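# Residue-level structure breakdown
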Amino acid sequence: MMKFDPFCNKDILNNAFYLTESTMAVYDIKPVLPGHSLLIPRRHVADITALEKNEVVDIFNTLNTIKPVIFKLYNADSYDFTAQVGEYSGMTVPHLHFHFIPRNEKDKFQTDNNSVYEGIEHSKQISPTEMSRNVELLRKELNWSH
Ligand SMILES: [Zn+2]
């Protein structure tokens, strides 16, 4: 069962820390690890294969931009980059989004790397204070001036 679509609502920009013409980078409201972010096409699409070529390039350019910043701020040197697509994939929002989950040798998933996917389903929502602390930190480092 698909839920409503927060990524087409302008309120999502409160959680965004980097914007390009067609991509937004947003701090995950239920981070499985510190620094867990989402790369989201600004146009509503449900599937990776529905993206235009320029949108694909833009997402990967955004990945290039945010990766070193998140690595530095959250002490990471590895990451998961994943999308769930379609109702039976575990996708809970019907708008395409890629999870960027920074990892390091001491993170809590080291004993079972694949359990990071269970983490995506079961992690807890952070407070508005914690959200804005992370968003401000990332915006500052990325010179957000939106
Ligand atoms: Zn949407």
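Let me sum up the structure you'll find in this document. (Residues numbered from 1 in each chain as written. Predicted model: local features only at pLDDT ≥ 70, side-chain atom pairs only at ≥ 80, totals over all residues. Heavy atoms only, no water.)

In terms of nonpolar packing, the biggest core is built from 23 residues, with F17, Y27, L39, I66, I70 and L138 touching the most fellow members. Counting residues per element, the ones that place at least two in this core are β1 (16-19), β2 (23-27), α1 (53-73), β5 (98-103) and α3 (128-141). The greatest single-element share of this core, amounting to six residues, is contributed by α1. Once residues within four sequence positions are removed from consideration, F17 is found in contact with A25, V26, Y27, S37, I66, I70, V135, L138, R139, L142 and W144. Of all hydrophobic cores here, the second largest spans ten residues; its members include F7, A16, M24 and L38. (Core = buried A, V, L, I, M, F, W, Y, C linked by side-chain atoms within 4.5 Å. Buried < 20%, exposed > 50% of the residue type's maximum accessible area, 1.4 Å probe, protein only. Helix = DSSP H or I, 4+ residues; strand = E, 2+ residues; numbered from the N terminus. Contact = heavy atoms within 4.5 Å.)

Spatially, β1-β2-β3-β5-β4 is the arrangement adopted by the five strands of the open sheet, whose pairing is antiparallel. In this open sheet, the two edge strands, each paired with only one partner strand, are β1 and β4 (78-82). Each neighbouring strand pair of the sheet contributes to a mean axis angle of 20°, computed without reference to strand direction. In terms of strand pairing, β4 meets β5 through five bridges, oriented antiparallel. Opposite S78, over in β5, you have R103 as the bridge partner. Across the face of the sheet, α3 comes into contact with β1 and β2 while running at roughly 30° to β1. (Pairing = 2+ DSSP bridges. Axes fitted to C-alpha atoms, helices over the stretch in contact; angles between N-to-C directions.)

In short, the description is geometric, and any link to function would need to be established separately.
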